[in-house]
Amino acid sequence: MTTPQINAERLLNSLAEMAKIGETEKGGVCRLAATIEDKKGRDLFASWAEIENCNVSVDQIGNMFARRHGMNNKLPPVVLGSHLDSQPTGGKYDGAYGVIAALEVIRCLNDHDIETARPIEAVSWTNEEGSRFPPAMMGSGVFSGAIDLEKALETRDSNGISVREALTEIGYAGDRSCGNRPIHTYLEAHIEQGPILEQENTTIGAVLGIQGIRWFDIVVEGKEAHAGPTPMPTRGDALVSAADLIVEIENIALRHSPDGRTTVGTMDVFPNSRNVIPGQITLGIDMRHPEEDVLSTMATELRSIFQAICKRRGTTGNVSEIWYSPPTLFDAETVSTVEEMAQMRQFSCRRITSGAGHDAKYMADLCPTAMVFIPCDEGLSHNELENAKDEHLVAGAQVLLDTALTRAEILDN
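Residues numbered from 1 in each chain as written. Predicted model: local features only at pLDDT ≥ 70, side-chain atom pairs only at ≥ 80, totals over all residues. Heavy atoms only, no water.

Peer 1: Quick question: what am I supposed to make of the nonpolar core here?
Peer 2: Among soluble globular proteins, nonpolar side chains are generally buried collectively. With 94 residues, the main nonpolar core has Met 18, Phe 45, Ile 61, Leu 80 and Tyr 97 as its most contacted residues. It is helix H3 (residues 96-111) that contributes the most residues to this core, 11 residues altogether. Ignoring sequence-local partners within four residues, the contact set of Phe 45 consists of Met 18, Met 64, Ala 66, Leu 84, Val 99, Leu 103, Ala 122 and Ser 124. Core analysis: the next-biggest nonpolar cluster, separate from the first, contains 22 residues, Phe 216, Ala 242, Leu 283 and Val 319 among them. (Core = buried A, V, L, I, M, F, W, Y, C linked by side-chain atoms within 4.5 Å. Buried < 20%, exposed > 50% of the residue type's maximum accessible area, 1.4 Å probe, protein only. Helix = DSSP H or I, 4+ residues; strand = E, 2+ residues; numbered from the N terminus. Contact = heavy atoms within 4.5 Å.)

Peer 1: Please clarify how the packing of H3 against helix H12 (residues 390-408) should be interpreted in this entry.
Peer 2: The interhelical angle for the contact between H3 and H12, taken along N-to-C directions, is 60°, at an axis separation of 9 Å. As the angle between them shows, H3 and H12 are arranged oblique. In this structure, H3 crosses over H12, and the sense of that crossing is right-handed. Residues Tyr 97, Ala 101, Ala 102, Val 105, Cys 108 and Leu 109 of H3 pack against His 392, Leu 393, Gly 396, Ala 397, Leu 400, Leu 401, Ala 404 and Leu 405 of H12. Residue composition of the contact of H3 with H12, grouped by class: 12 nonpolar, 2 polar and no charged. (Axes fitted to C-alpha atoms, helices over the stretch in contact; angles between N-to-C directions. Parallel < 35°, antiparallel > 145°, perpendicular 65-115°, else oblique. Left-handed = near helix turned anticlockwise from the far one by under 90°. Nonpolar A, V, L, I, M, F, W, Y, C, P; charged D, E, K, R; others polar.)

Peer 1: Mind showing me how you'd approach helix H10 (residues 332-344) here?
Peer 2: What sets the pattern is the α-helix's 3.6 residues per turn: residues three or four places apart point alike. Counted at 1.5 Å a residue, the expected span for H10 with its 13 residues is 18 Å, and the 18 Å between its end C-alpha atoms agrees. Three or more residues of H10 are buried, namely Thr 334, Val 335, Thr 337, Val 338, Glu 339, Met 341 and Ala 342. Packed against the buried residues of H10 are strand S5 (185-191), strand S6 (204-210), strand S12 (349-354), strand S13 (369-374) and H12. One or two steps after H10, the chain reaches Gln 346, where phi turns positive at roughly 60°. (Expected span 1.5 Å × (residues − 1).)

Peer 1: Even after reading the chapter, I still don't get the environment of Asp 331, so can you show me in this structure?
Peer 2: Counting through the fold element by element, Asp 331 comes out in the loop between strand S11 (328-329) and H10. According to the relative accessible area criterion, Asp 331 is partly exposed, its value standing at 27%. Remark: the alpha-carbon pair of Asp 331 and Ile 36, spanning 295 residues in sequence, is separated by 37 Å. Beyond its immediate chain neighbours, meaning those up to four positions away, Asp 331 contacts Pro 368 and Thr 369.

Peer 1: How do you make sense of the state of the cysteines when you look at a structure like this?
Peer 2: Such a bond, covalent and formed between the sulfur atoms of two cysteines, is termed a disulfide. Scanning the entire structure with this criterion turns up 0 disulfides. As a non-bridged cysteine, Cys 178 has Cys 367 as the owner of its nearest cysteine sulfur, 16 Å distant. The thiol of Cys 349 is not disulfide-bonded; the next cysteine sulfur, from Cys 376, is found 16 Å away. Residue Cys 349 is classed as partly exposed on the basis of its relative accessible area of 25%. (Disulfide = S-S within 2.5 Å.)

Peer 1: Help me understand the packing of aromatic side chains, please; the structure alone is not making it clear to me.
Peer 2: Geometry of an aromatic ring pair is reported as the spacing of the ring centres plus the angle between the planes. One pass over the full model with this rule turns up 5 aromatic pairs. Geometrically, the ring pair formed by Phe 65 and Trp 125 is edge-to-face, given 5.7 Å between the ring centres and 90° between the ring planes. Linking Phe 65 in strand S2 (residues 64-68) with Trp 125 in strand S4 (residues 120-125), this pair joins segments that are 60 residues apart in sequence. With respect to class, Phe 65 is no different from Trp 125; both count as buried. Judged by centre distance (4.8 Å) and plane angle (70°), the ring pair of Trp 215 and Trp 323 falls under edge-to-face. Taken together, the residues Trp 215 in strand S7 (residues 212-221) and Trp 323 in strand S10 (residues 316-325) connect sequence positions 108 residues apart. One exposure class covers both Trp 215 and Trp 323, and it is buried. Counting every residue linked through ring pairs, the aromatic cluster contains Phe 65, Trp 125, Phe 143 and Tyr 186. (Phe/Tyr/Trp six-rings, centres within 6.5 Å; stacked < 30°, edge-to-face > 60°.)

Peer 1: What's the story with the environment of Glu 25 in this structure? I'm lost.
Peer 2: In this structure, Glu 25 sits in the loop between helix H1 (8-19) and helix H2 (36-51). According to the relative accessible area criterion, Glu 25 is exposed, its value standing at 87%. Between the alpha carbons of Glu 25 and Glu 384 there is a distance of 8.5 Å; along the sequence they are 359 residues apart.

Peer 1: Honestly, the side chain of Gln 87 in this entry has me stumped. Any pointers?
Peer 2: Along the polypeptide, Gln 87 turns up in the loop between strand S3 (78-83) and H3. Judged by its relative accessible area of 17%, Gln 87 is buried. Once residues lying within four places of it in the same chain are set aside, the contact partners of Gln 87 are Val 29, Cys 30, Arg 31, Leu 32, Glu 129, Ser 131 and His 382.

Peer 1: What should I look at first to understand the sheet that holds strand S8 (residues 261-270) in this one?
Peer 2: Picture the strands of a sheet paired through backbone hydrogen bonds; they go either parallel or antiparallel. Reading across the sheet, the 4 strands line up as S8-S9-S7-S10 and stay open at both edges, with antiparallel pairing between neighbours. Each having just a single partner strand, S8 and S10 make up the two edges of the open sheet. Pairwise comparison of adjacent strand axes, ignoring direction, gives a mean angle of 15° for this sheet. Relative to strand S9 (residues 280-289), S7 is paired through 10 bridges, and the arrangement is antiparallel. Across the sheet, residue Ile 213 finds its bridge partner in S9, namely Arg 288. Along the sheet, helix H8 (residues 238-255) contacts S7, S8 and S9; its crossing angle with S8, the most-contacted strand, is approximately 170°. (Pairing = 2+ DSSP bridges.)

Peer 1: I would appreciate a short explanation of unusual backbone geometry in the present structure.
Peer 2: Among all residues save glycine, negative phi is the norm, and among peptide bonds the norm is trans. Ser 257 connects to Pro 258 through a cis peptide bond whose omega is 5°. Within the element layout of this structure, Pro 258 appears in the loop between H8 and S8. Following Phe 270, the chain continues into Pro 271 via a peptide bond in cis, with omega recorded as 5°. Along the polypeptide, Pro 271 turns up in the loop between S8 and S9.

Peer 1: Looking at this structure, I do not really get helix H6 (residues 163-170). What am I missing?
Peer 2: Along H6, the residues that are buried comprise Val 163, Ala 166, Leu 167 and Ile 170. For H6, the angular spread of buried residues about the axis comes to 95°, placing them on one side. Exposed residues pointing more than 90 degrees away from the buried face of H6 are listed as Thr 168 and Glu 169. In this fold, the buried residues of H6 make contact with H2, helix H4 (138-144) and helix H5 (149-153). Gly 171 sits one or two residues past H6 and shows a positive phi near 80°. (Arc of directions from axis to C-beta.)

So, in structure tokens, the structure goes:
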């Protein structure tokens, strides 16, 4: 099978144009889910898709689907995509690359008047980052049935605004039912967000799966008191307990190296006054490992260590697990197809496990799924300085096109 070359200039120009929306001083983007910046990004994607004669629809959690018809529209579609929302200080390729690469696939097929047996859809999932509204991968989670729609819609940000209210405000509270339809294949192109491909001078990563993730909220309760008159031995300093805990959280990952990951990403101090001993600390924890049993052991260690520190420091508190995403394996045949397409184009390729969560995690519960990774400079992501080389962006989109067309021409269910 011969497939066409994507339009590299158009792909790169579209990425640059999308990056202007929510652009930050350091060259990154801030497009938090369901904000005005997110709306502008969605509007631009929709306008591009409509130019390509796609049918654009929005479901009840705000997921956007741009459908290119196939020869038999009753066949389940091949779906390609990622997300347009970002971290507060995010990079211009995390998520957006996968959406625009999916659109480029459709554009290229239109350029060459190529008909596919199956429909092809480009999707932009809602709130993949989970930065404004936890948990992450909300839109794909609702689509797959793993996350309850009503619970997701009632999730509120730090200002008390619900997902339902925010989507309504930006005009993307859709009426299409979430999920409830067969998908033939899901493919997602993404920067690696880690250093392995760059260090090995490899162009394409055929992703085997996604490591497991657990998120915890930890509250440490101490006792506020005057910083001057209160002797050191009598204090119930919540921040000192939290400091001990943070060091031990790092040690949990180190004990389970090389794949263990732990991060303390947020901290709130109460009452947050210079001359008052902190009475309450709230921590946000991210914990990851590709093996489910090891990840469970790490969580058990966290709870045990927390209790020991509280006992030693004279504090109390609780550990609440707010989200669990089990390790996921992608479909072996589809992963092999990604490899074959990379080799066909003479791109260097290796198999790799994703350290980050992606919408492909939930789609793997519904249909054969794979991801196409490309290197990012210094492995840097979730950072305004995130970058990727033009030739890698083009290569990843080409492999996405080749893989998608292979899958879209398969007539059996």
